[in-house]
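# Inside the fold
As a plain string of letters, each chain reads:
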Amino acid sequence: RDRLRSRGLGDVYKRQILSIFTFQLSTFNFHIMLYERTLGQWLEHWAETTPDKEYIVYSDRNLRFTWSQFNRRVDDMAKGLIAIGVERGTHVGIWAANVPDWLTLLYACAKIGAVYVTVNTNYKQSELEYLCQNSDMHTLCIVNGEKDSDFVQMTYTMLPELKTCQRGHLKSERFPYMKNVIYVGQEKHRGMYNTAEILLLGDNIEDSRLNELKSQVTCHDVVNMQYTSGTTGFPKGVMLTHYNIANNGFLTGEHMKFTADDKLCVCVPLFHCFGVVLATMNCLTHGCTEVMVERFNPLVVLASIHKERCTALYGVPTMFIAELNHPMFDMFDMSSLRTGIMAGSLCPVELMKQVEEKMYMKVTSVYGLTEAAPGMTATRIDDPFDVRCNTVGHDFEHTEVKVIDPETGEECPVGVQGEMCNRGYNTMKGYYKNPEATAEVIDENGFLHSGDLGIKDEDGNYRITGRIKDMIIRGGENIYPREIEEFLYQLEGVKDVQVAGIPSKKYGEAVGAFIILHEGVDMHESDVRDFCIGKISRYKIPKYIFFIKEFPMTGSGKIQKFKLKDLGLQLCKEQGIEIV
């Protein structure tokens with residue numbers, strides 16, 4: 001490097017030679033390189049390389065796009081967005097399940113340098129309005145709704161001006177940045193564009209204008225903003241770049257030995273990192289097929305795998321439980337599956353064993369958080385069964401993961417519990433308009449603090465032991481819910497279990513177990529306590545045991561532990577149980 005600097009080479013040539021040098025050095029050290037392509041460049045790469053290969057498939061309606069077909073639709077959509085004022089840096093929101101044009105709009109924004117803001121489909125009125133205000137939303141794309149939520153009506157409640165204004169000329173005092181609402185579909189709603197109209201408007205935009213905007217996009221631009229799910233507080237906008245998410249998806253696929261021949265069934269929501277990064281970016285960077293499921297339905301998932309001969313499947317534990325326990329499970333051929341990811345929450349060992357035996361998958365896991373784009377550590381497909389079941393693997397390539405003592409800030413020795421922290425290419429740019437919150441989670445050394453507790457073993461693999469805020473302190477004793485959950489999973493008849501602290505007058509907190517039983521199983525609280533006696537410390541035995549039908553969940557499938565405490569108090573009151 002020093003010799004190059006001293007020579008009379010032009011800056012461009014110096015950069016090129018240094019880039020080659022860095023490439024060779026990095027290849028030597030890591031064997032896997034990071035790419036500097038934007039999402040648009042990745043899409044165009046496959047549209048040119050494998051134009052006729054299927055990229056997006058909706059098996060339940062036989063809707064199929066090849067790479068070239070999809071790329072053309074993305075360009076048409078991008079020109080339509082330009083026509084309504086979307087440009088570099090504009091924030092475009094998507095409030096929808098995994099509908100066919102969800103990904104079209106993502107790549108359209110990526111090509112013109114706009115920021116795609118994902119909106120949780122479980123959001124209610126106040127949450128929607130908070131996000132639109134906080135993100136400075138310019139254009140909101142919506143569908144009819146989900147379950148008991150009418151997205152169209154909720155949008156009119158937020159923007160009553162839509163019913164009287166001309167499309168594209170929205171003026172809202174409460175939402176000064178908001179200029180457009182797009183209905184993703186063919187229906188027409190007053191004040192909103194629909195998809196067909198956006199594509200038609202794009203005919204008025206010259207290709208040269210689109211190419212001009214494309215040329216300005218770099219891999220280090222923010223392309224996606226995701227609002228944290230709110231499991232521990234009010235959502236914040238996490239700013240993620242092309243470089244963050246494309247490379248995290250690429251490395252995820254490498255860990256499972258993905259190739260262009262793979263077909264990944266995607267039934268996790270795209271508005272979450274699990275769907276848009278670990279799934280979509282994996283397929284984008286490996287040139288493989290993405291078999292989409294619009295909203296999770298175990299029967300549609302099983303049928304899609306069977307029909308399309310999918311080779312991989314992702315899901316959170318509750319999804320795999322629903323698939324395995326579906327009454328028609330045995331009617332479908334799962335033998336094409338070879339791998340997949342179970343993540344999103346702590347994964348029961350017994351469940352992973354069932355998935356491997358009955359679905360023929362070598363299950364891997366990815367640990368991380370949205371702020372890490374999202375993967376920090378992962379198990380590899382070649383890892384032994386015990387490693388894949390009982391750990392979250394080791395560091396992603398090109399990252400540094402450390403277990404840090406929350407009290408001293410020093411790195412913990414092997415086998416000692418501390419906070420999981422990460423530094424590398426995958427760290428977010430920060431929280432949108434919130435430098436104070438950013439500084440709270442990214443320290444002066446550039447390490448992102450996860451809030452999760454973990455342990456590193458002698459082989460370099462990590463085990464997640466809980467969250468700092470989830471820890472139960474009973475009379476001075478630190479109790480980690482994960483340990484008790486894994487123990488209770490071994491009790492026959494238990495389908496799923498979560499452990500949380502219940503306020504106690506005597507001890508400060510007591511252990512509460514929330515148990516979902518398999519269908520037809522009858523169990524009493526005494527059965528659970530008898531199972532525990534003599535096997536775990538007495539202070540860890542649940543004081544309160546609740547048999548429930550479902551856990552409070554986020555839209556991305558994460559269990560909201562902080563709500564379990566309130567649920568426990570409510571159930572105690574309903575059942576006449578005295579809090580002691």
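Above this text sits the structure in question.
To start, this report covers the structure provided alongside it. (Residues numbered from 1 in each chain as written. Predicted model: local features only at pLDDT ≥ 70, side-chain atom pairs only at ≥ 80, totals over all residues. Heavy atoms only, no water.)

### As for the side chain of D383
Filter applied, for reference: Numbered from the N terminus, helices here are DSSP runs of H or I no shorter than four residues, and strands are runs of E no shorter than two. Here the term buried applies to any residue with accessible area under 20% of the maximum for its type, exposed to any over 50%, and partly exposed to those in between, with areas from a 1.4 Å probe on protein chains only. In this tally, Lys and Arg are treated as positive and Asp and Glu as negative; His is ignored, and so are the chain termini. Each reported salt bridge corresponds to a side-chain nitrogen of Lys or Arg within 4 Å of a carboxyl oxygen of Asp or Glu. A 3.5 Å cut-off defines polar contacts: any pair of N or O atoms within that distance qualifies, except that in protein one atom must be a possible hydrogen donor and the other a possible acceptor, and neighbouring residues in sequence count only when both atoms are side-chain atoms.
Within the secondary structure layout, D383 lies in the loop between β18 (375-378) and α15 (385-390). Among buried Asp, Glu, Lys and Arg side chains, D383 stands out as unpaired, with R380 the closest opposite charge at 5.7 Å. There is a polar contact of 2.7 Å between the side chain of D383 and the backbone nitrogen of R380.

### Brief notes about the packing of aromatic side chains
Short version of the rule: In summary, the pairing rule links any two rings of Phe, Tyr or Trp, Trp by its six-membered ring, whose centres are within 6.5 Å, and it sorts them by plane angle into stacked for under 30 degrees, edge-to-face for over 60 and tilted for everything else. Consider the ring centre and the ring normal. A charge sits over the ring if Lys NZ or Arg CZ is within 6 Å of that centre and within 35 degrees of that normal.
Evaluated as defined, the whole model comprises 13 aromatic pairs. Both rings, one in W46 and one in W67, keep their centres 6.2 Å apart while their planes meet at 40 degrees; by these two values the pair is tilted. Residue W46 is found in helix α3 (residues 39-49), and its partner W67 is found in helix α4 (residues 67-83); the two are separated by 21 residues along the sequence. An identical accessibility class is assigned to W46 and W67; each is buried. One aromatic cluster is present, formed by W46, Y55, F65, W67, F70 and Y107 through successive ring pairs. A cation over a ring is seen here: K163 above Y156, with NZ or CZ 4.8 Å from the ring centre.

### Things to note about the sheet that holds strand β19 (residues 394-395)
Formally: Between any two strands, at least two bridges found by DSSP are needed for them to pair.
If you trace the three strands from one edge of the open sheet to the other, you get β17-β18-β19, paired in antiparallel fashion. This sheet does not close on itself; its edge strands, each paired only once, are β17 (366-368) and β19. Of the pairings in the sheet, the one linking β18 to β19 comprises two bridges and is antiparallel in character. Considered in β19, the bridge of A378 is made with H394.

### With respect to the packing of α4 against helix α9 (residues 207-216)
Definition in use: Helix axes are fitted to C-alpha atoms over the stretch in contact, other axes to C-alpha atoms as well, and angles between N-to-C directions run from 0 to 180 degrees. We call two directions roughly parallel when the angle between them is under 35 degrees, roughly antiparallel when it is over 145, roughly perpendicular when it lies between 65 and 115, and oblique otherwise. Throughout, a residue-residue contact means that at least one pair of heavy atoms, one from each residue, lies within 4.5 Å. The nonpolar class holds Ala, Val, Leu, Ile, Met, Phe, Trp, Tyr, Cys and Pro. Asp, Glu, Lys and Arg form the charged class, and all remaining residues, Gly among them, are polar.
In the contact formed by α4 and α9, the axes pass within 10 Å of each other and the chain directions differ by 90 degrees. As far as their axial angle goes, α9 and α4 are roughly perpendicular. Contact residues: α4 offers D75, A78, K79 and I82, while α9 offers D207, R209, L210, L213 and K214. Among the residues making up the contact of α4 with α9, the classes are represented as four nonpolar, no polar and five charged.

### Observations regarding the state of the cysteines
Working definition of a disulfide: a covalent bond connecting the sulfur atoms of two cysteines. Quick reminder of the rule: Cysteine sulfur atoms that come within 2.5 Å of each other are treated as a disulfide pair.
A complete count under the given rule lists zero disulfides for this structure. Among the cysteines around C273, which has no disulfide bond, C283 carries the closest sulfur, lying 15 Å off. For C273, a relative accessible area of 1% corresponds to the buried category. Here C288 is not cross-linked by a disulfide; its sulfur's nearest cysteine counterpart is in C283, at 3.8 Å.

### Brief notes about the pattern of salt bridges
Summed over the entire model, instances satisfying the criterion amount to 31 salt bridges. Put simply, E350 and K353 hold a salt bridge, and the shortest N to O gap is 3.6 Å. Here the residue E350 and the residue K353 both occupy positions in helix α14 (residues 349-359), the gap between them amounting to three residues, near one helical turn. Looking at E350, the relative accessible area reads 37%, which means it is partly exposed.

### Notes on the side chain of D101
Considering the arrangement of structural elements, one finds D101 in helix α5 (residues 100-112). Setting aside residues up to four positions removed in sequence, D101 forms contacts with R73, M77, V184 and T195.

### Considerations on the sheet that holds strand β21 (residues 418-424)
The antiparallel open sheet is built from four strands, whose spatial order is β20-β21-β23-β24. Whereas interior strands pair on both sides, the edge strands pair on one side only; in this sheet they are β20 (399-404) and β24 (462-467). Here the average twist between neighbouring strands, direction ignored, is 45 degrees. Bridge count between strand β23 (residues 448-456) and β24: five bridges; the pairing is antiparallel. The partner of I455 across the bridge, within β24, is R463.

### Digging into α14
Which entries qualify depends on this criterion: By construction, the arc corresponds to the directions joining the helix axis to the C-beta atoms.
Listing the buried residues of α14 in full gives V349, L351, M352, V355, E356 and M359. For α14, the arc enclosing every buried residue in end-on projection is 165 degrees, short of the 170-degree limit, so these residues lie on one face. Where α14 is buried, its residues touch β14 (312-315), α13 (317-324), β15 (339-342), β16 (362-364), α15 and α17 (481-488). Downstream of α14 by a residue or two, Y360 has a phi angle that is positive, lying close to 65 degrees.

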